[in-house]
Amino acid sequence: MKNILGVLNVVLLIAVAGLYYLHFNGAANSEQTVSANTGMMVENPTIVYLNSDSLLINYEYLKDQQEVLKAKSEKLNNEYKNRAQGLQAEFNNYQQNSNNMTIAQARAVEEDLMKKQQNLKLYEQGLAQQLVGEEGKINQELYDKVSAFLKEYGEENELHMVVKYNPGSDVLYANGGMDITEAVIAGLNADYRNEAVEGDTTSVK
């Protein structure tokens, strides 16, 4: 029986590009009038870039989640193998003893084995869907964490745009001085460690 429950390769694509417009307080200048609900056009925007490949490799949260997902995948894979081996043993036993059975007995065993095989297939599909769901949850949490950090980081550093820069992106060239990858990774990892410490403190209480 085909086994489709190998360790999933977690492919996490982060949409880290976003616009962060600064809003000006007070009335518009004498040459331009803008309503209170309209964003002001930034004349000299501050644009930086983030290498998402480096982020995915070095973000400790993602490393830990990949290990958790790998362990769960192996556990479910073993559970599936045990069921599949049990069914295979029943099938082998039927083949060895079918000559000693009546036609009615053989037909009843075959129907039972067929139902078990169908149930095993459904079980296999359920495990695969469970892993896909876990992967999707990690994707969403990763996106939320990175987006929240970039928003705060952008506001603190008066940034107007953060673009994703890595092979395959639309950015063909970017000056190294615009690279915030290391700072973002350091900040994300620091936040993640703090969350872990706070979680341990809470559990102790």
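So, here's what we can say about the structure. (Residues numbered from 1 in each chain as written. Predicted model: local features only at pLDDT ≥ 70, side-chain atom pairs only at ≥ 80, totals over all residues. Heavy atoms only, no water.)

**Focus on a negative patch on the surface**
Next up, step 1: There is a patch of like negative charges on the surface, built from Glu 152, Glu 155, Glu 156 and Asp 191.
Next up, step 2: In terms of residue count, helix H3 (residues 103–156) provides more of the negative patch than any other element does, three residues in total.
Next up, step 3: Since its relative accessible area comes to 51%, Glu 155 is described here as exposed. (Patch = residues over 30% accessible without salt bridge, like charges linked within 9 Å, V, L, I, M, F, W, Y side chains within 5 Å. Areas by Shrake-Rupley, 256 points an atom, 1.4 Å probe, with all protein chains shown as cover. Salt bridge = Lys/Arg side-chain N within 4 Å of Asp/Glu carboxyl O. Lys, Arg positive; Asp, Glu negative; His and termini not counted. Charge placed at Lys NZ, Arg CZ, Asp CG, Glu CD. Helix = DSSP H or I, 4+ residues; strand = E, 2+ residues; numbered from the N terminus. Buried < 20%, exposed > 50% of the residue type's maximum accessible area, 1.4 Å probe, protein only.)

**Notes on the pattern of salt bridges**
Next up, step 1: Counted under the stated rule, the structure contains seven salt bridges.
Next up, step 2: Ionic pairing is found between Lys 116 and Asp 112, a salt bridge with its closest N-O pair at 3.4 Å. Within this pair, Lys 116 and its partner Asp 112 are both found in helix H3, separated by four residues, close to a single helical turn.
Next up, step 3: On the basis of relative accessibility, which here comes to 31%, the residue Lys 116 falls in the partly exposed class.
Next up, step 4: Residues Lys 145 and Glu 195 are paired through a salt bridge, measuring 3.0 Å at the closest nitrogen-oxygen approach.

**So, the packing of aromatic side chains**
Next up, step 1: Applying the stated criterion across every chain, the model contains four aromatic pairs.
Next up, step 2: For the pair Tyr 59 and Tyr 61, a centre-to-centre distance of 5.6 Å together with 45° between the ring planes defines the contact as tilted.
Next up, step 3: The buried category is assigned to Tyr 61, whose relative accessible area is 3%.
Next up, step 4: Seen from their ring centres, Tyr 61 and Tyr 192 are 5.7 Å apart, and the 80° between their planes marks the pair as edge-to-face. Here Tyr 192 lies in helix H4 (residues 181–204) and Tyr 61 lies in helix H2 (residues 60–97), a separation of 131 residues in the sequence. The exposure classification of Tyr 61 matches that of Tyr 192, with both residues buried.
Next up, step 5: Every member of this aromatic cluster is reached through a ring pair, and the members are Tyr 59, Tyr 61 and Tyr 192.
Next up, step 6: A cation sits over an aromatic face here: Arg 83 above Tyr 123, 3.9 Å from the ring centre.
Next up, step 7: Positioned over the ring face of Tyr 61 is Lys 145, at 5.1 Å from the centre of the ring. (Phe/Tyr/Trp six-rings, centres within 6.5 Å; stacked < 30°, edge-to-face > 60°. Lys NZ or Arg CZ within 6 Å of the ring centre and 35° of its normal.)

**Topic: the packing of H2 against H3**
Next up, step 1: Where H2 meets H3, the axes come as close as 10 Å, and the angle between the chain directions of the two elements is 180°. With respect to their mutual orientation, H2 and H3 come out roughly antiparallel.
Next up, step 2: Considered class by class, the residues forming the contact of H2 with H3 number 18 nonpolar, four polar and 12 charged. (Axes fitted to C-alpha atoms, helices over the stretch in contact; angles between N-to-C directions. Parallel < 35°, antiparallel > 145°, perpendicular 65-115°, else oblique. Nonpolar A, V, L, I, M, F, W, Y, C, P; charged D, E, K, R; others polar.)

Function cannot be read off these values alone, since they describe shape.
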